[in-house]
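# Structure assessment
If you want the building blocks of each chain, they are given just below.
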Amino acid sequence: MRDEAATARLGAKLAGALAPGLRIHLRGNLGAGKTTLVRALLRALGFQGRVKSPSYALVELYAISRLNLYHFDFFRFRDPQEWSDAGFREYFFGDAVCLVEWPEKAGDLLPPPDLEILLAVAGTGRVASLVAYTEAGGKCLEAASQLKSEGGSS
């Protein structure tokens, strides 16, 4: 991905491929584009309001059409136990889509992802690596790639 616009296009493609119950981990250093990706995904789903990083609130809920999306940011966690103490477990085992920034801060307590997206700054651009860990994650990637080949650009 060359720039922020490419990150936004990736978010839009993923939006068209989301299914209820997906757990997506977003990894990358500060400024790599995690929140930019989520913002683009939400915009592609039709959300018109403000999309901010949930760094202080820890989670933001977006109810859009058929989906409930929870955008988590665990950057401020100092101990993985904070994830359990916050009572987030129930969000990860229903039909909600969970988008998680800084999942490593929750340690082994966080359920494994269906899909993991690693964003990195590379020179003046960004690089994205997407890995599916479950059948649901694989279906999401496959659907997103089909959207790409039907006229989108990366």
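Scroll up a little and you will see the structure.
Throughout what follows, the structure given in this document is the object of discussion. Computed from a predicted structure; not experimentally measured. (Residues numbered from 1 in each chain as written. Predicted model: local features only at pLDDT ≥ 70, side-chain atom pairs only at ≥ 80, totals over all residues. Heavy atoms only, no water.)

Before going further, it helps to spend a moment on the environment of Gly49. Secondary-structure assignment places Gly49 in the loop between α2 (34-44) and β2 (59-64). Gly49 sits in the partly exposed class, given a relative accessible area of 30%. Distance from Gly49 to Tyr62, taken between C-alpha atoms, is 9.6 Å for residues 13 residues apart in sequence. (Helix = DSSP H or I, 4+ residues; strand = E, 2+ residues; numbered from the N terminus. Buried < 20%, exposed > 50% of the residue type's maximum accessible area, 1.4 Å probe, protein only.)

The next point concerns the nonpolar core. Membership of the largest hydrophobic core comes to 25 residues, with the highest contact counts inside it found for Leu14, Leu18, Ile24, Leu69, Leu99 and Ile117. Contributions of two or more residues to this core are made by α1 (4-15), β1 (23-27), α2, β2, β3 (67-73), β4 (97-101), β5 (115-122) and α4 (135-149). Take this core: its biggest share by element is four residues, from α2. Apart from residues no more than four positions distant in its own chain, Leu18 is found in contact with Ile24, Leu41, Leu45, Arg66, Leu67, Leu69 and Val97. With 14 residues, the next largest nonpolar core counts Tyr70, Phe72, Ala96 and Trp102 among its residues. (Core = buried A, V, L, I, M, F, W, Y, C linked by side-chain atoms within 4.5 Å. Contact = heavy atoms within 4.5 Å.)

Moving on, we get to the side chain of Arg23. Tracing the sequence through the fold places Arg23 in strand β1. For the buried Arg23, no salt bridge exists, and the shortest N-O distance to an oppositely charged side chain is 4.1 Å, to Asp114. Among the polar contacts made by the side chain of Arg23, one reaches the main-chain carbonyl oxygen of Pro112 at a distance of 2.8 Å. Apart from residues lying up to four places away in sequence, Arg23 is in contact with Phe92, Cys98, Pro111, Pro112, Pro113, Asp114 and Leu115. (Lys, Arg positive; Asp, Glu negative; His and termini not counted. Salt bridge = Lys/Arg side-chain N within 4 Å of Asp/Glu carboxyl O. Polar contact = N/O pair within 3.5 Å; in protein donor to acceptor, adjacent residues only side chain to side chain.)

Our next topic: the packing of aromatic side chains. Under the criterion given, the structure shown has 12 aromatic pairs. Measuring from ring centre to ring centre gives 4.9 Å for Phe47 and Tyr62, while their planes differ by 80 degrees; the resulting arrangement is edge-to-face. Highlighted residues: Phe47 in the loop between α2 and β2 and Tyr62 in strand β2, separated in sequence by 15 residues. Every member of this aromatic cluster is reached through a ring pair, and the members are Tyr70, Phe72, Phe74, Phe77, Trp83, Phe88, Tyr91 and Phe92. The lysine or arginine in question, Lys105, covers the ring of Phe75, its NZ or CZ lying 5.3 Å from the ring centre. (Phe/Tyr/Trp six-rings, centres within 6.5 Å; stacked < 30°, edge-to-face > 60°. Lys NZ or Arg CZ within 6 Å of the ring centre and 35° of its normal.)

Where burial is concerned, the two faces of β2 differ: the one with Glu60, Tyr62 and Ile64 is buried and the one with Val59, Leu61 and Ala63 is not. With six bridges connecting them, β2 and β3 associate as antiparallel partners. Its bridge partner being in β3, Tyr62 is matched across the sheet by Leu69. Counted along the chain from β2 to the antiparallel partner β3, the turn is two residues long, and its residue Ser65 has a positive phi close to 50 degrees. (Pairing = 2+ DSSP bridges.)

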